[in-house]
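# Report on the structure
Each chain is listed here by its residues.
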Protein chains: 2
Amino acid sequence: MEFDLIERIRRHTDVARDDVALGIGDDAAVVAVPAGRELAIAVDTLVEGVHFPKGTAAADIGWKALAVNLSDLAAMGATPAWALLALTLPAAEEPFIDGLARGFAELATPYRLALIGGDTTRGPLTITVTVHGFTTPGQALLRSGARVGDAVMVTGTLGDAAAGLRCLAEADPAPYAALVERLNRPTPRVAAGQALRGIATACVDVSDGLVADLGHICTRSGVGAEIDPALLPRSSAMLTHFHDADAIDFALAGGDDYELCFTVPADKASEVAADLARVGCGATRIGRIVEGAGVRVLDGAGGARVPRRAGWNHFA
Amino acid sequence: MEFDLIERIRRHTDVARDDVALGIGDDAAVVAVPAGRELAIAVDTLVEGVHFPKGTAAADIGWKALAVNLSDLAAMGATPAWALLALTLPAAEEPFIDGLARGFAELATPYRLALIGGDTTRGPLTITVTVHGFTTPGQALLRSGARVGDAVMVTGTLGDAAAGLRCLAEADPAPYAALVERLNRPTPRVAAGQALRGIATACVDVSDGLVADLGHICTRSGVGAEIDPALLPRSSAMLTHFHDADAIDFALAGGDDYELCFTVPADKASEVAADLARVGCGATRIGRIVEGAGVRVLDGAGGARVPRRAGWNHFA
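Rules used in this analysis
Residues numbered from 1 in each chain as written. Chains lettered and ligands numbered in written order. Predicted model: local features only at pLDDT ≥ 70, side-chain atom pairs only at ≥ 80, totals over all residues. Heavy atoms only, no water. Salt bridge = Lys/Arg side-chain N within 4 Å of Asp/Glu carboxyl O. Helix = DSSP H or I, 4+ residues; strand = E, 2+ residues; numbered from the N terminus. Buried < 20%, exposed > 50% of the residue type's maximum accessible area, 1.4 Å probe, protein only. Contact = heavy atoms within 4.5 Å. Buried area = accessible area lost by both parts, 1.4 Å probe. Polar contact = N/O pair within 3.5 Å; in protein donor to acceptor, adjacent residues only side chain to side chain. Pairing = 2+ DSSP bridges. Least-squares fit on C-alpha atoms with pLDDT ≥ 70 in both. Axes fitted to C-alpha atoms, helices over the stretch in contact; angles between N-to-C directions. UniProt positions renumbered as here; feature names shortened; annotations may be inferred. Domains from an automatic or database assignment.

### Digging into the pattern of salt bridges
Residues and elements named next belong to chain A. Here the structure, examined in full by the defined rule, presents 26 salt bridges over all chains. A salt bridge links Arg182 to Asp160; the nearest nitrogen and oxygen atoms lie 3.0 Å apart. With Arg182 in helix α5 (residues 177-184) and Asp160 in helix α4 (residues 160-167), this residue pair connects regions lying 22 residues apart in the sequence. Note on Arg182: relative accessible area 18%, which makes it buried. Through salt bridges with shared partners, a single network forms among Asp160, Arg182, Arg189 and Glu259.

### Details of the interface of chain B and chain A
Listed by partner, the interface residues are 61 residues for chain B and 61 residues for chain A. Roughly 4,900 Å² of surface becomes buried between chain B and chain A when both sides are summed, with 61% attributable to carbon and sulfur atoms. Here chain B is connected to chain A by four salt bridges. Measuring nitrogen to oxygen at the nearest pair gives 3.0 Å for the salt bridge that ties A:Arg143 to B:Asp27. Where chain B touches chain A, the interface holds 14 residue pairs in polar contact (both at pLDDT 80 or more). Per element, the largest residue contribution to the side of chain B that touches chain A is nine residues, and it comes from strand β3 (residues 38-47) of chain B. Sheet topology note: the strand β3 (residues 38-47) of chain A/strand β2 (residues 29-31) of chain B ladder contains three bridges and is antiparallel. What sits directly across from A:Ala40, in β2(B), is B:Val30.

### Section: the relation of the copies chain B and chain A
The two copies are related by a screw motion: chain B maps onto chain A through a turn of 180° and a shift of 0.0 Å along the axis, at an RMSD of 0.0 Å. Here the copies are linked by what is in effect a two-fold axis. In this assembly the copies share their binding face: 100% of the residues contributing to the interface of chain B also contribute to that of chain A.

### Overview of the sheet that holds strand β4 (residues 79-89) of chain A
On the basis of which strands lie adjacent, the open sheet formed by six strands has the order β5(A)-β4(A)-β6(A)-β3(A)-β2(B)-β1(B) and mixed pairing. The outermost strands of the open sheet, each flanked by one partner alone, are β5 (114-122) of chain A together with β1 (20-22) of chain B. For this sheet the average axis-to-axis angle between neighbouring strands, irrespective of direction, equals 20°. Two strands pair when backbone bridges link them, and β4(A) and strand β6 (residues 126-135) of chain A are joined in this way by nine bridges, in the antiparallel orientation.

### Considerations on the UniProt feature "binding site: Mg(2+) 3" (unreviewed entry) in chain A
Under the UniProt annotation, "binding site: Mg(2+) 3" (unreviewed entry) lies at A:Asp27, A:Asp72 and A:Asp205. The named residues occupy 179 residues along the chain; their greatest pairwise C-alpha distance, 32.9 Å, places them well apart from one another. Along the chain, A:Asp27 falls in the loop between β1 (20-22) and β2 (29-31). Taking relative accessible area as the criterion, A:Asp27 reaches 6% and is therefore assigned buried. With residues near it in sequence (within four places) discarded, A:Asp27 still touches B:Ala42, B:Asp72, B:Ala75, B:Met76, B:Arg143, B:Cys203, B:Val204 and B:Asp205. Among the polar contacts listed, one links the side chain of A:Asp27 to the side chain of B:Arg143, at a separation of 2.9 Å. Topologically, A:Asp205 is positioned in strand β8 (residues 202-205). Classification of A:Asp205 by relative accessible area gives buried; the value is 2%. Setting aside residues up to four positions removed in sequence, A:Asp205 forms contacts with A:Val68, A:Ser71, A:Asp72, A:Ala75, A:Asp213, A:Tyr258, A:Glu259, A:Leu260 and B:Asp27. Looking at A:Asp205, its side chain comes within polar contact range of the side chain of A:Ser71, at 2.6 Å.

### Focus: the domain arrangement of chain A
All names here are of chain A. Once the domains are mapped, chain A shows domain 1 (2-135) and domain 2 (151-305). Taken over C-alpha atoms, the centre of domain 1 sits 26 Å from the centre of domain 2. Across the contact, 23 residues belong to domain 1 and 18 residues belong to domain 2. Interface of domain 1 and domain 2: buried area, both sides summed, is about 1,600 Å²; carbon and sulfur atoms make up 54% of it. Inspection of the region where domain 1 meets domain 2 yields three salt bridges. The closest approach of N and O atoms between Lys64 and Asp256, which form a salt bridge, is 2.8 Å. At the junction of domain 1 with domain 2, the criterion picks out nine residue pairs in polar contact (both at pLDDT 80 or more). Of all elements in the fold, only α2 (58-76), β4 and α3 (94-108) reach the threshold of two or more residues within the side of domain 1 that touches domain 2. Considering every element that reaches the side of domain 1 that touches domain 2, the biggest residue donor is α2, with 11 residues.

Here it is as structure tokens:
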């Protein structure tokens, strides 16, 4: 049964790859990893009502389910190759499935990502994607390499997705389309991650919120971080629709941005910003790695402030 | 957040493997496929109330979530290596998670299977496991190689899981423990699948029911199959508790058995049965591959009977 639906989705992403010996249609896919490469593997689940609001368009769900996973590969500096899609849905509604497939394919196709397997089951709407990408041994971007004195940087702009979620509650969300788009169609920073290989000392994607995710780098690297909220990159849509205090809270703790937060030796920050401007997202220096533990958000008066939200925790 | 729970589960399955360069704790795992091997990858989801009854013990859920996936690797003749676990659950209840981890680990440990990644989310209880195993190029067991004249065989016994599900409705299911155990703790036929490499012409695992799954071999191989219900292997527990007609219906269409159904050249059937007896499950010849399409169940009088259930289809 699963093949009918998963094969239907695969047809939208019809990518021929030499490294896929056997695709959808048997008990398992069979693939070959190119000589000299290692495999980065990640899995993420989206649940309706938790990770996207009920009523989200099927194509947006399909896009986002893949995007959050490609973002994990981006944070490793890996090159996307294959995905498997496990889809639990209340009913086999063809328009919904085709919409989901269309959104998934829109994002998959530019990366020549092949859908090699999947499963469909009946139940509450839940989408789990497993992605595989290639890395060169020893070159994956880890969370554990940040050093005292490194610059802390982020790609793109922060807080837009959280602001977009807030705007969905407005009677007319149309004026906020740019923010809602960032919520529904996040852009995984794959090219940026690849550009950071051999340069960044640590990297993470911003899925739970900047403070929470930079905190992961601090924990794994055994360091602390200070960030200056005045430096946080905010989009023009954010600046148009929100006061500065709200914009900073969204940027610090909003989550769902899928930008990369990374560290580089301080003397490389300008060069990296220029490199990432060339791949389209740019990068902004927002702070530095210090001795200690945890993330301090400076208040501009020599002290620290506590972000209003501690980051996204499904079980909090 | 996911690391706390997934790491907690991983500790139950603490397997050191040279091919895992980076396990749980970063944005993705990094692994290396040994030279000369290909990778078989499968994903399967279990949903509470669909794939296991509400009230199933956490340890049984953990076991089964891995078992149904290892069964897919078994059907390819692959050697299990790594798994990722995506767990959606209504609340972060430690006893439940520890139970689930214990069941998962009981099955994973003998295979030295490493849990390399995962995700935990809040929502209705759903478990998706992605498994990876090694195969030798060109030697994976496919569904597509059955030839006219081949013998059709199955490992173990059929129908027990479906009978066990029926028994759960009894006021006192204790006398049926052996059948319920087959429902809750299926044994993936990993060693059997490996023993069939280079011998079986086609192979599938029996998850949806014999007729449905053998039908997949027929479709992919462009052949038909005839099976003789009198030959279907039934367990002593089944024969003790059920009339022959019910036992045959369970065996034909029950699903959830996770035995292997495979085809071999007819003159190899006895040798294969002896080989699989040595790996503990045995194998029984139940029919043959014929010209045509689809699965015919013979009625013992020169005609064919229609199974009472067409097999498991979540969306039927």
